[in-house]
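Residue-level structure breakdown
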Amino acid sequence: MVLTATVFATAAPARARTPSPTTPRTSSVNVPPGVTAGIAVYDRQTGTFTEQSNVHTQFRSASVVKLLIALDHLWDQGPGYGLPSDERARLDSMLRSSDDSAADFYWTEDGGSAIIDRMIPRLGLTDTAGPPAAYPGYWGYTALSAADAVRIYRWILDSAPAALRDIVMGDLSDSTRCGVDGFDQRFGIPASFQQPWAVKQGSSRFGESSDCADTTASASGRRVPTASGAGVDLARPALHTTGTVGAGDRSIVAVFTLHPQGTTFGAAYSALDTLVRSLNVPGAVPRSGSRYGTWGAHV
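Let us look at the structure shown here.

About the thresholds
- Residues numbered from 1 in each chain as written.
- Predicted model: local features only at pLDDT ≥ 70, side-chain atom pairs only at ≥ 80, totals over all residues.
- Heavy atoms only, no water.
- Phe/Tyr/Trp six-rings, centres within 6.5 Å; stacked < 30°, edge-to-face > 60°.
- Helix = DSSP H or I, 4+ residues; strand = E, 2+ residues; numbered from the N terminus.
- Buried < 20%, exposed > 50% of the residue type's maximum accessible area, 1.4 Å probe, protein only.
- Lys NZ or Arg CZ within 6 Å of the ring centre and 35° of its normal.
- Axes fitted to C-alpha atoms, helices over the stretch in contact; angles between N-to-C directions.
- Parallel < 35°, antiparallel > 145°, perpendicular 65-115°, else oblique.
- Contact = heavy atoms within 4.5 Å.
- Nonpolar A, V, L, I, M, F, W, Y, C, P; charged D, E, K, R; others polar.
- Left-handed = near helix turned anticlockwise from the far one by under 90°.
- Core = buried A, V, L, I, M, F, W, Y, C linked by side-chain atoms within 4.5 Å.
- Pairing = 2+ DSSP bridges.

The next point concerns the packing of aromatic side chains. As enumerated under the stated definition, the model contains 12 aromatic pairs in all. Geometrically, the ring pair formed by Trp75 and Trp155 is stacked, given 5.1 Å between the ring centres and 20° between the ring planes. Of this pair, Trp75 sits in the loop between helix H1 (66-74) and helix H2 (85-97) while Trp155 sits in helix H5 (residues 146-158), and the two are 80 residues apart along the sequence. For the pair formed by Trp75 and Trp155, the shared burial category is buried. Residues Phe187 and Tyr269 carry aromatic rings whose centres are separated by 5.8 Å and whose planes lie at 75° to one another, so their mutual orientation is edge-to-face. Residue Phe187 is found in the loop between helix H6 (162-173) and helix H7 (189-192), and its partner Tyr269 is found in helix H8 (residues 265-277); the two are separated by 82 residues along the sequence. Owing to a relative accessible area of 13%, Tyr269 belongs among the buried residues under this scheme. Through pairs of rings, three or more aromatic residues link up here, namely Phe183, Phe187, Phe206, Phe265 and Tyr269. Looking at Arg90, its charged tip hangs above the ring of Phe105, at a distance of 3.7 Å from the centre.

As a packed pair, H1 and helix H4 (residues 113-123) sit with axes 10 Å apart at the nearest point and diverge in direction by 85°. Here H1 is positioned roughly perpendicular relative to H4, judged by the angle of their axes. Judged by residue contacts, Leu68, Ile69, Leu71 and Asp72 of H1 engage Ile115, Ile116, Arg118, Met119, Arg122 and Leu123 from H4. The residue makeup of the contact of H1 with H4, split by class, is seven nonpolar, no polar and three charged.

This part is about the packing of H1 against H2. The interhelical angle for the contact between H1 and H2, taken along N-to-C directions, is 155°, at an axis separation of 10 Å. In terms of orientation, H1 and H2 fall into the roughly antiparallel class. For the element pair H1 and H2, the recorded crossing hand is left-handed. Seen from H1, the contacting residues are Lys66, Ile69, Ala70, His73 and Leu74; seen from H2, they are Glu87, Leu91, Met94 and Leu95. A class-by-class count of the residues in the contact of H1 with H2 yields six nonpolar, one polar and two charged.

Its location among the elements puts Pro286 in the segment after H8. Its relative accessible area of 55% is what places Pro286 among the exposed residues. Here the alpha-carbon distance between Pro286 and Ile189, two residues 97 residues apart in the chain, equals 9.8 Å. Non-local contacts of Pro286, meaning those with residues more than four positions away in its chain, are made with Ser192, Phe193 and Gln194.

If you look at the biggest cluster of nonpolar residues, it comprises 51 residues, and the most contacted ones within it are Leu71, Leu123, Ile152 and Val168. Looking at this core, the elements with two or more residues in it are strand E1 (36-43), H1, H2, helix H3 (100-109), H4, H5, H6 and strand E7 (251-258). Counting residues per element, this core draws most heavily on H5, which supplies nine residues. Beyond its immediate chain neighbours, meaning those up to four positions away, Leu71 contacts Met119, Leu123, Ile152, Trp155, Ile156, Leu164 and Val168. Ranked by size, the runner-up nonpolar core spans 23 residues in total, among them Val199, Phe265, Leu279 and Ala284.

A word on the sheet that holds E7. Spatially, five strands are ordered E2-E1-E7-E6-E5 in an open sheet, and the strand pairing comes out antiparallel. Each end of this open sheet is capped by a strand with a single partner; those strands are strand E2 (48-53) and strand E5 (197-204). Strand-to-strand twist across the sheet, computed as the mean angle between neighbouring axes with direction ignored, equals 5°. In the packing of H5 onto the sheet, the strands contacted are E1, E2, E5, strand E6 (238-245) and E7, and the crossing angle to E7 comes to about 150°.

What follows is about the pairing of E2. In this sheet, E2 lies alongside E1 in antiparallel orientation, the contact comprising five bridges. Of the residues in E2, the one forming a bridge with Ile39 is Ser53. Counted between consecutive antiparallel strands, the loop separating E1 from E2 contains four residues, among which Gly47 sits at a positive phi close to 70°.

Structural measurements only, silent on function.
In structure tokens form, the structure reads like this:
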């Protein structure tokens with residue numbers, strides 16, 4: 001079965017729904033000093049964006065590209081989208097626990113950058129591009145924007161066959177606290193809002209031990225060259241949070257961030273949480289209690 005995709009206009013309604021009254025809000029997004037951010041929040045109930053900033057700026061995707069890797073692998077598996085048990089376990093691990101070895105497997109098996117080339121027209125992506133020619137095996141160097149991340153989630157939620165949607169969103173709803181690489185995945189959306197939420201996170205160039213395990217692994221396939229690519233920053237530490245928030249996946253949130261060189265994982269984690277908590281996310285319920293920003297080894 002070959003899937004077809006609907007290309008959405010930037011702010012077209014996702015579904016025919018009765019809009020609920022909203023109160024106009026002046027944006028007061030808190031982007032911490034030194035942080036470069038691409039931000040998009042889309043309310044599926046009203047069919048409007050409540051936050052947009054640098055929505056077409058390209059960031060290296062880090063592990064967020066695993067959404068495209070998974071969709072491409074499942075694309076022709078319909079109508080049931082059943083996978084052998086070992087393969088399903090690999091896909092689940094890639095989406096739930098950001099398993100880099102699973103992404104390496106699919107990247108090699110399914111044609112590398114050809115995955116991105118196929119998914120761009122399928123989903124109507126406008127800012128997405130494969131890794132630079134000098135780094136063909138670095139799936140985490142795929143260029144992605146906040147606007148295209150919203151398009152990906154809108155396709156999954158509103159156009160994908162139900163069986164495919166349930167696989168992907170089910171895994172994102174079951175995102176594990178710790179990634180396979182040992183890094184804590186509860187930054188951004190999960191740290192800021194009560195469930196329900198479903199997330200695919202991304203991080204790159206944080207080499208110190210994480211909160212979850214004593215590891216020196218780095219995201220984006222664990223391979224970290226020193227050069228930067230033209231147009232997309234490959235050097236600064238990156239921390240991204242994407243997904244849906246609220247009952248019925250009401251809001252789609254995509255926040256991509258780059259941090260100053262030398263920023264620790266904990267410091268970036270705290271900065272991203274500060275940004276996300278300042279967003280207007282319809283349907284979201286903020287986490288209760290007091291929040292204190294701190295970071296350091298094993299904190």
